[in-house]
Amino acid sequence: MDFKKTLLATTLVSMATLPGLAQAATSAGNGSLGGQVSLTNSDSGEVETDSYTAIASASYFFTDGLEAGMRVTYNETETDGPGNQSSGGDAFVLLSPSVQYNFLTDSDIVPFIGASYDYSGAGDFDDTDFYSIYGGSRFFLAENTALRLEYRYQEAVDDDDFDGEITTFTIGVEWFF
């Protein structure tokens, strides 16, 4: 399923759920801290790729639906196969300012969409920047704690060394204050 269909399906399913208790956590003037992880394994028959991603994030709510934030992403990828016999792995760090809009902010399930520009400052892709669009949902477990599920599409910006796109599904926890 391509990114647009996945993003639309995730948003519609999240918006179709019944609203629960009001969540003051996503109100204007509040902030959040979070962490997410992603593990990926792909095997095309000849080439096997394993990838690990860890993300730390912080954000501020300007209105009940609009938030701006910053995330730091660390990714390490190992590739095994012809021409890449037991590659030691490629690693990179991204610094990503973002803008996100949250729907149904008075619900226990808060779907969102967002965009970011991802600066790579260290690692094997230190001259590669990406733009990202993403969507997902926050599932509030308590008044100030949410489980975050996110699907993200990234594409390199004017880079001769990396010609491709990255899609990632992450899961994480966020704390609101």
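In every chain, residue numbers begin from 1 and rise along the written sequence. Confidence filtering applies because this is a predicted model: local features only for residues at pLDDT of at least 70, side-chain atom pairs given and counted only at 80 or more, and all residues used for totals across whole chains, interfaces and linings. The side-chain quantities take in all heavy atoms of the structure and omit both hydrogens and water.

Undergrad: Honestly, the packing of aromatic side chains in this entry has me stumped. Any pointers?
TA: How two aromatic rings sit relative to each other is set out by the distance from centre to centre and by the angle between their planes. Each Phe, Tyr or Trp ring, with Trp reduced to its six-membered ring, pairs with another whose centre is within 6.5 Å; inter-plane angles below 30 degrees give stacked pairs, above 60 give edge-to-face pairs, and intermediate values give tilted ones. Using the criterion set out here, one finds six aromatic pairs in the structure. Judged by centre distance (6.2 Å) and plane angle (65 degrees), the ring pair of F112 and Y134 falls under edge-to-face. Highlighted residues: F112 in strand β5 (residues 109-123) and Y134 in strand β6 (residues 129-142), separated in sequence by 22 residues. Each member of the aromatic cluster is reached from another via a ring pair, and the members are F61, F140 and F176. Put simply, DSSP H or I for four residues or longer makes a helix, DSSP E for two residues or longer makes a strand, and each gets a number counted from the N terminus.

Undergrad: In this structure, what is going on with the nonpolar core? I would like to understand it.
TA: Within soluble globular proteins, side chains that are nonpolar tend to cluster in buried spots. Residue types Ala, Val, Leu, Ile, Met, Phe, Trp, Tyr and Cys, when buried and joined through side-chain atoms within 4.5 Å, form a set referred to as a nonpolar core. Throughout, exposure labels follow a simple rule: accessible area from a 1.4 Å probe, protein chains only, divided by the maximum for the residue type, with under 20% read as buried, over 50% as exposed, and the rest as partly exposed. Residues A25, F61, V110, F140, A146 and F176 constitute the largest nonpolar core, which totals six residues. Contact definition: two residues touch when any of their heavy atoms are within 4.5 Å. Ignoring any residue separated from it by four or fewer positions in sequence, one finds F61 in contact with A25, T26, S27, A28, G29, N30, G31, L66, E67, N102, R138 and F176.

Undergrad: What is the right way to look at the pattern of salt bridges in this model?
TA: Any two side chains of opposite charge can pair if their charged atoms end up close together. Note on definitions: salt bridges are taken to be side-chain nitrogens of Lys or Arg within 4 Å of carboxyl oxygens of Asp or Glu. If you walk through the whole model with that rule in mind, you get six salt bridges. Two residues, E150 and R148, come together in a salt bridge whose shortest N-O distance is 2.7 Å. Side by side, E150 and R148 carry an identical accessibility label, which is buried. Each of E67, R71, R138, R148, E150, R152 and E174 takes part in salt bridges that share partners, so that together they form one network.

Undergrad: How do you make sense of a negative patch on the surface when you look at a structure like this?
TA: Note that patches include only residues with greater than 30% relative accessible area and no salt bridge, and the join distances are 9 Å for like charges and 5 Å for nonpolar side chains (Val, Leu, Ile, Met, Phe, Trp, Tyr). Only the protein chains shown count as cover for residues, with accessible areas throughout obtained via the Shrake-Rupley method and a probe of 1.4 Å. His is not counted here, nor are the chain ends, while Lys and Arg score as positive and Asp and Glu score as negative. Charge placement uses NZ in Lys and CZ in Arg. For Asp and Glu, CG and CD serve respectively. Residues E48, D50, E78 and D80 make up a contiguous surface patch of negative charge. Mapped by element, the contributors of at least two residues to the negative patch are β2 (48-61) and β3 (66-80). When you line up the elements, D80 lands in strand β3.

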